[in-house]
Amino acid sequence: MSETVSIKEVAARAGVSPGTVSNVLNRPEKVAGATRTRVEQVIRELGFVRHGSASTLRAGHSRTIGLSVIDIGNPFFTDVAAGVEDLASDRGYAVILGNSAGSRSKEERNLLVFAEQRVRGVLITPSDDDPHRLERLRARGIAVVLVDHPADRADQCAVSVNDVTGGTMAAAHLLEGGAERLAYVAGPATMRQCRERRVGAERALAAAGLDPGRLRVLEMTAMTAKAGQQAAELLLADLPDAVFCANDLLALGLLRGLLQAGVRVPEQVSLIGYDDIDFASASTVSLSSVRQPTYQLGRVATELLLDECDNPDTHAHQQIMFQPELVVRESSR
């Protein structure tokens, strides 16, 4: 674990008083913008973390773990969180939840709060593939397990689902139903899940003897039902035969937009989503989807994290990848 950095050290490096550093941490509105920015930069450079509760410090660790997700409004992550909380509670741990909303800066603030609270470990679905902020946690002796994201190193636990296979399943199903002109509606390309599901869809096209470049791609700024409805407006001028959405919220919004415009699903446009959230089967036209074992993802990831926390000398890092399942309903042929 790295040495503890003091407020005095931060103050000296930033050229301010310890009281100013304290204000930046606790009453930032009282500090001039340029000074606050300089102090915050030094805090990041030195890896300063303010102390949590005295009892936690005396014990050396807490019975708390952190969970950082991309979008708690997405039922996928709600189900993952349920798996995390259930097992953590069984083991006598509490869970602090952080929602990054896909924002790297917000994710960094969440991780800082986790470190301040001296959590035993962190479960995270990262907002991008940059490993540095996770390395800072490990340097402080905080175990980290990736959730819904594979690991790129052997000494890292991760639990994920094979998204390339899932994308291939979805697109192959649409092609087998007679579609030739496919669209893929996704979130930002910075999200690994969106990229890998697209790779899978392109592989399905290639396997069917079609040019993968024919896949029409719409990258939305968010993976929400509202974004899906906006995607429907973009597609109406030149309707594809079928649409694969990178998650069910996008698909449900797209479905609503198409139906409101008088487009028949699946007669005119076949549609498939991803995740198989509860709402998928309850929509006006029940939604075909690629199912992920969401609750199990959370529970297995928590099992790995707590084993690393409680048995650091004997813990064996694991990278577990589940396989998705195709669920066909009314929205696709």
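Residues numbered from 1 in each chain as written. Predicted model: local features only at pLDDT ≥ 70, side-chain atom pairs only at ≥ 80, totals over all residues. Heavy atoms only, no water.

- Under the annotation held in an unreviewed UniProt entry, the protein carries the name LacI family DNA-binding transcriptional regulator and is attributed to Nonomuraea recticatena.

### As for the sheet that holds strand β8 (residues 242–245)
Part 1: The strand order across the open sheet formed by four strands is β7-β6-β8-β9, and the pairing between neighbours is parallel. Both outer strands of the open sheet, β7 (216–219) and β9 (270–272), are each paired with one neighbouring strand and no more. Direction aside, the axes of adjacent strands within the sheet are offset by 15° on average.
Part 2: The pairing of strand β6 (residues 182–186) with β8 spans four bridges and is parallel. Residue L182 lies in a different strand from β8, and its bridge partner there is A242. (Pairing = 2+ DSSP bridges. Helix = DSSP H or I, 4+ residues; strand = E, 2+ residues; numbered from the N terminus. Axes fitted to C-alpha atoms, helices over the stretch in contact; angles between N-to-C directions.)

### Structural notes on the environment of S100
Part 1: Within the element layout of this structure, S100 appears in the loop between β2 (94–99) and α6 (104–116).
Part 2: Judged by its relative accessible area of 0%, S100 falls in the buried class.
Part 3: Residues S100 and L111, eleven residues apart in the sequence, show an inter-C-alpha distance of 9.8 Å.
Part 4: Residues in contact with S100, not counting those within four places in the same chain, are S68, V69, I70, K106, E107, N110 and S127. (Buried < 20%, exposed > 50% of the residue type's maximum accessible area, 1.4 Å probe, protein only. Contact = heavy atoms within 4.5 Å.)

### Topic: the packing of aromatic side chains
Part 1: Under the defined criterion, the tally for this structure stands at three aromatic pairs.
Part 2: Summarising the aromatic geometry, the rings of F76 and F77 are spaced 4.9 Å apart at their centres and angled 90° between planes, so their arrangement reads as edge-to-face.
Part 3: Here F76 falls in the buried class, since its relative accessible area comes to 3%.
Part 4: Owing to a relative accessible area of 7%, F77 belongs among the buried residues under this scheme.
Part 5: Centre to centre, the rings of F244 and Y274 are 6.3 Å apart; their planes meet at 40°, and the pair counts as tilted. Of this pair, F244 sits in strand β8 while Y274 sits in the loop between β9 and α12 (278–282), placing them 30 residues apart in sequence.
Part 6: Judged by its relative accessible area of 2%, F244 falls in the buried class.
Part 7: One aromatic cluster in this structure is built from Y184, F244 and Y274.
Part 8: Its guanidinium or amino end placed over the ring of Y93, R63 lies 4.1 Å from that ring's centre, counting from NZ or CZ. (Phe/Tyr/Trp six-rings, centres within 6.5 Å; stacked < 30°, edge-to-face > 60°. Lys NZ or Arg CZ within 6 Å of the ring centre and 35° of its normal.)

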